Structures are given as C-alpha cells and as structure tokens.
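Summary of the model geometry
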Amino acid sequence: MNRLLVLLLAAVDALIAAAVGVAVVFAPLTLFWVMALGGTADWAALWPAAVRIWQLGQFVPLHITLGDDYLVAAGIAPQAASFVVSLAPLALAVFTALFAARSGARAARSGAWAVGVAAGTLVTLLIAAALWATSRTPVAAVYGWQALLLPTAVFALPALVGAVVEAWRSGDGGLIDALRDRIDGADPRRGHPWVGAVSAAARGLAAAVAGLVGVGALVVAAAAVLRGGQIVALFEAAHVDVLGGAVLSLGQLVYLPTLIVWGASFAAGPGFAIGAGTAVSPAGTTLGVLPGIPALGLIPDNPSPWLFALVLAVVAVGFLAGAIARTRLASAGEMDAAAASTTAVRLVVFGAIVVLAAAAAALLAVCASGAVGPGRLGAVGPAAGPFAFCVGVELAVGAAIALFSPARTREPAAAPVD
C-alpha cells in the first residue's frame, strides 16, 4: 500500500474517531434539549455543551463558573460558584484509544506506520482546534493548550503503541526490523533469547493489565448485584422521568471504565476516595455526605475484612502473566531451549512485567481520578502511588511463582520387556 493511501486512511480514522465521539454526546443531549427543555432551551448552548463533555472525556479539565441567578435559585454559596471538573468519563477516551490503536496497527501492516501515525495525529490536532474554536462558553471554560494537546495525545499515543506492536510482530522493513535484528544478532551464538524476552515480557504485561482490569470489572459487577437495592433507591430518590432516567443512565455508563479502575484499586487494597479526607477500601469506609448519584450506591457501607482476600485475585493475575511469559520463552522457535530457561532472562522478563504493570496501574489511577466539584470534591478516585505499589508487589508474588518455580518433567517410559 503506498504512503499516500496510508496517510488518507489514517486521516479518515482520526476524523471518524472524533466525529463519532462527539456524536455519541450530541445525540442524547439534543433529545434532552427537545423533550425536557422545549421552548425554554438555549439552543446556542447545545453545541458547546456537547463539545465540553467530549473534551472532558479526553482529559481536558473544565473550569465551571456559575452565574449569580443560578446561585440564588439553587441556594449555592458564592464561594462554590467557581470550581474545576476533571474526572473524565473514560468510555470516550477508551473509544478514541481503541480506534487509534487499530489505525496504527493497520498503518504498520501497510509498511508505513510512521506516516499513518503522523497523519492521524495531525488531523486530530486540527479537529481539536476546530472544536475548541467553535465552542466558546463562559460557563465551562477550558485552557486552549489543553483543549488542543490532550485530545491529540489520546489519539497519538495509542496509535503509536498499536503501530509499534504490530510492526514488531509482523515486521515493517525499516526501523523496527533493524532494532529487532540488532537485538537478535547481538550475540547470536551464545543463545541469549533477548528478542523472545521482549515478546514474553510484552505478552505478560498485556495479560497483567488485562487481568487487573478484569478484576476491577468483576468487583463492580459483584457490587451491582449485591447492592442493587441501594442503586434503585437512589434512582427513585432522584425523582426523574423516563427521559431523565435515560440521560442519567447514559451519563453513568460513560463512567463505567472509571468505576472499573476504582474496583481494581479496591481489590488491590488501597481503594479510592470520594472527596478529600474520605476512603473506600477493604479496611473500611469513611465518607461524608455524597451526591445522590445512583452509581455511588455501589460503595459498601461497612466492608468486611474478608474483602482483603481480593488481593489473591491480583496475585493470580500475576501468576497468569508469569505463566504466559514463561510459555512464550519456552516455545520461541528462534531460541535455544537452554538459554530460554536462564535465570537472567527470566529476571529481565519478571522485572519488565512488574515495573511496567505498576506504571500502567499508576496511569490508570491518574486517568480515573480528578475533581467533580468545589471543596472536598476536588479529590476523587484512587491515589496513583499506593495503587501502583500494591499492584507491583502483588503481581510480583504471582509472577515469581510462575516464572521461577521448577519445571515439571516427565519420566521416560520404561522399555517393554520381551
């Protein structure tokens, strides 16, 4: 595939990713404007509102300034008139990232991944600039550099990762192949399987991150089943009609990946906060007055110390990651079997899995935390440092068992006796 076609396809991918993301927000907002607000709706505010929600989903903080009339009508104190909302609805960012990774991988298969990633990044930057320029509103302001760079980064980084991973797997006839050959040929006769080590570490890391997310999803699912009554009660207390309930449900749905990260942090031990000075963890729950959001009904009132057993699920994820990495080391066709079992290679793979998975946990915590309002609501979500430390230690235990335990050997069958 020629470079021009790769460039055009990557540009289209970036355009579709942004257009669909904005449309997913704009469509239900339009329905709400028509059916709930009717003749009193301010149609000039519809487009800025949709763009601001999309930008928040790309980690752009919103600086909210409430008017005096609204403060009087709602009975809000003047000191709470200005605040920041930065807790991102991660479903929007996840969609952009997945689309970008797919675009980068396709560009790599076409042999021009650098061109594809650069084109998608540039188009995303131009789209972000256009959205920022057409959505000025004094109620929810954003910094221009954040509105341009953060959505661009949400597309560019996954596209680059997807392209490099695919180029490593399939070859690109260029930089990645040269790097692979250099690693593989650094010591070809001594049998050190460094290319296989990179592949094994990558597979183990992918399994660790996916498993951690899976544990968080299971925690959220179990909480939804066990505390369904509290969630329904909060829906009823909101006194919303069918349309309001639908909008409220959609709003919580886009925050589902955020809740999954919170669930993973709860399982790992540190838990998360719903405001400054609060804590939700297996050790206990310390909360003040919470907003009447149904999703917060998932939070247990008095967690049992037995919930610390959830740590074993993270350890099991580490064991799975180590087992996958060890299997990859043993089955790599280009490596010497004895070299694949050397302690040095396993230590490198072990360190890469643990350190990079802990870094990924810290990144997830940063993405799933932020501010949702004034005062103590300026600190919501898991703390990156404790979450990363606990995940690293727990994964290390499981991965060490899988990577360094003695291999099973089968006794040779006895020769038949005539």
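Residues numbered from 1 in each chain as written. Predicted model: local features only at pLDDT ≥ 70, side-chain atom pairs only at ≥ 80, totals over all residues. Heavy atoms only, no water.

On a plain count of helices and strands, the protein comes out with 15 helices and seven strands. When the 418 residues of the protein are sorted by exposure, 42% land in the buried category. Intrachain contacts of the protein at a sequence separation of at least 6 include 75% that bridge at least 24 residues. As presented, the protein carries roughly 21000 Å² of accessible surface, and 71% of it is formed by carbon and sulfur atoms. (Helix = DSSP H or I, 4+ residues; strand = E, 2+ residues; numbered from the N terminus. Buried < 20%, exposed > 50% of the residue type's maximum accessible area, 1.4 Å probe, protein only. Contact = heavy atoms within 4.5 Å. Areas by Shrake-Rupley, 256 points an atom, 1.4 Å probe, with all protein chains shown as cover.)

For G116, the position within the fold is in helix α5 (residues 113–133). Between the C-alpha atom of G116 and that of L8, which follows or precedes it by 108 residues, the distance is 8.2 Å. Dropping the residues within four chain positions of it, G116 is found in contact with V6, A10 and A107.

Glancing now at α5. Along an α-helix, residues three or four apart share an orientation, since each turn contains 3.6 residues. The end-to-end C-alpha distance of α5, which contains 21 residues, comes to 30 Å, matching closely the 30 Å that a straight helix rising 1.5 Å per residue would cover. Every buried residue of α5 is listed here: W113, G116, V117, A119, G120, V123, T124, I127, A128 and L131. All buried residues of α5 fall inside an arc of 165 degrees around its axis, so they share one side. (Expected span 1.5 Å × (residues − 1). Arc of directions from axis to C-beta.)

Right, let's talk about the sheet that holds strand β3 (residues 140–141) for a bit. The strand order across the open sheet built from three strands is β2-β1-β3, with neighbouring strands paired in antiparallel fashion. Each end of this open sheet is capped by a strand with a single partner; those strands are β2 (82–85) and β3. (Pairing = 2+ DSSP bridges.)

So, on to unusual backbone geometry. Even without being glycine, F59 reaches a positive phi, approximately 75 degrees. Here F59 shows up in the loop between α2 (46–57) and β1 (62–65).

Note that R227 resides in the loop between α8 (194–226) and α9 (228–238). On the basis of relative accessible area, R227 is assigned to the buried category, the value being 13%. With residues near it in sequence (within four places) discarded, R227 still touches G297, L298, I299, P300 and D301.

Aromatic ring pairs are defined here through the distance separating the ring centres and the angle between the ring planes. Inspection of every chain in the model, using the stated rule, returns four aromatic pairs. Look at F26 and W47: their rings are 6.0 Å apart centre to centre, the planes differ by 65 degrees, and that puts the pair in the edge-to-face class. With F26 in helix α1 (residues 3–37) and W47 in helix α2, the pair connects residues that are 21 residues apart, well separated along the chain. When its relative accessible area of 30% is taken as the criterion, F26 is described as partly exposed. Relative accessible area serves as the criterion here: at 33%, W47 is assigned to the partly exposed category. Ring plane angle 25 degrees and centroid distance 5.0 Å describe the contact between W262 and F272, whose orientation is recorded as stacked. Remark: F272 occurs in the loop between α11 (256–268) and β4 (273–274) and W262 occurs in helix α11; sequence separation between them is ten residues. Judged by its relative accessible area of 6%, W262 is buried. (Phe/Tyr/Trp six-rings, centres within 6.5 Å; stacked < 30°, edge-to-face > 60°.)

Look at helix α4 (residues 90–109) against α11: their axes get within 6 Å of each other, and the N-to-C directions meet at 100 degrees. The angle between α4 and α11 places the two elements in the roughly perpendicular class. In this structure, α4 contributes L90, A91 and V94 to the contact, and α11 contributes P257, T258 and V261. Per-class residue counts for the contact of α4 with α11 are five nonpolar, one polar and no charged. (Axes fitted to C-alpha atoms, helices over the stretch in contact; angles between N-to-C directions. Parallel < 35°, antiparallel > 145°, perpendicular 65-115°, else oblique. Nonpolar A, V, L, I, M, F, W, Y, C, P; charged D, E, K, R; others polar.)

All right, on to the environment of A50 then. Position of A50 among the secondary structure elements: in helix α2. Taking C-alpha positions, A50 is 9.9 Å from G21, a pair spaced 29 residues apart along the chain. Setting aside its immediate chain neighbours within four residues, A50 contacts V25, F26 and L29.

On average, residues of the protein score 84 in pLDDT, and 85% of them are at 70 or above. Predicted confidence in the protein is weakest over helix α13 (residues 337–340), with a mean pLDDT of 48, and strongest over α11, with 94. Note on residues 333–340: pLDDT is under 50 here. Beyond four places in sequence and across chains, it has 17 contacts. (pLDDT = per-residue confidence, 0-100.)

What follows concerns the pattern of salt bridges. Summed over all chains, the structure comprises two salt bridges. Between R106 and D13 there is a salt bridge whose closest N-O contact spans 2.4 Å. With R106 in helix α4 and D13 in helix α1, this pair connects stretches of sequence that are 93 residues apart. For R106, a relative accessible area of 24% gives the class partly exposed. Here R109 makes a salt bridge to E166, at a shortest N to O gap of 4.0 Å. On the criterion of sequence distance, the pair formed by R109 in helix α4 and E166 in helix α6 (residues 144–170) is long-range, its members being 57 residues apart. With relative accessibility at 54%, the residue R109 sits in the exposed group. Judged by its relative accessible area of 10%, E166 falls in the buried class. (Salt bridge = Lys/Arg side-chain N within 4 Å of Asp/Glu carboxyl O.)

Within the largest apolar cluster, 51 residues are counted, with the highest numbers of intra-cluster contacts made by W262, V349 and F387. Elements that contribute at least two residues to this core include exactly α8, α11, α12 (311–331), α14 (343–367) and α15 (384–404). At ten residues, α8 tops the list of elements feeding residues into this core. Dropping the residues within four chain positions of it, W262 is found in contact with L87, F272, I274, A368, V380, G381 and P382. Core analysis: the next-biggest nonpolar cluster, separate from the first, contains 22 residues, A14, A100, A112 and I127 among them. (Core = buried A, V, L, I, M, F, W, Y, C linked by side-chain atoms within 4.5 Å.)

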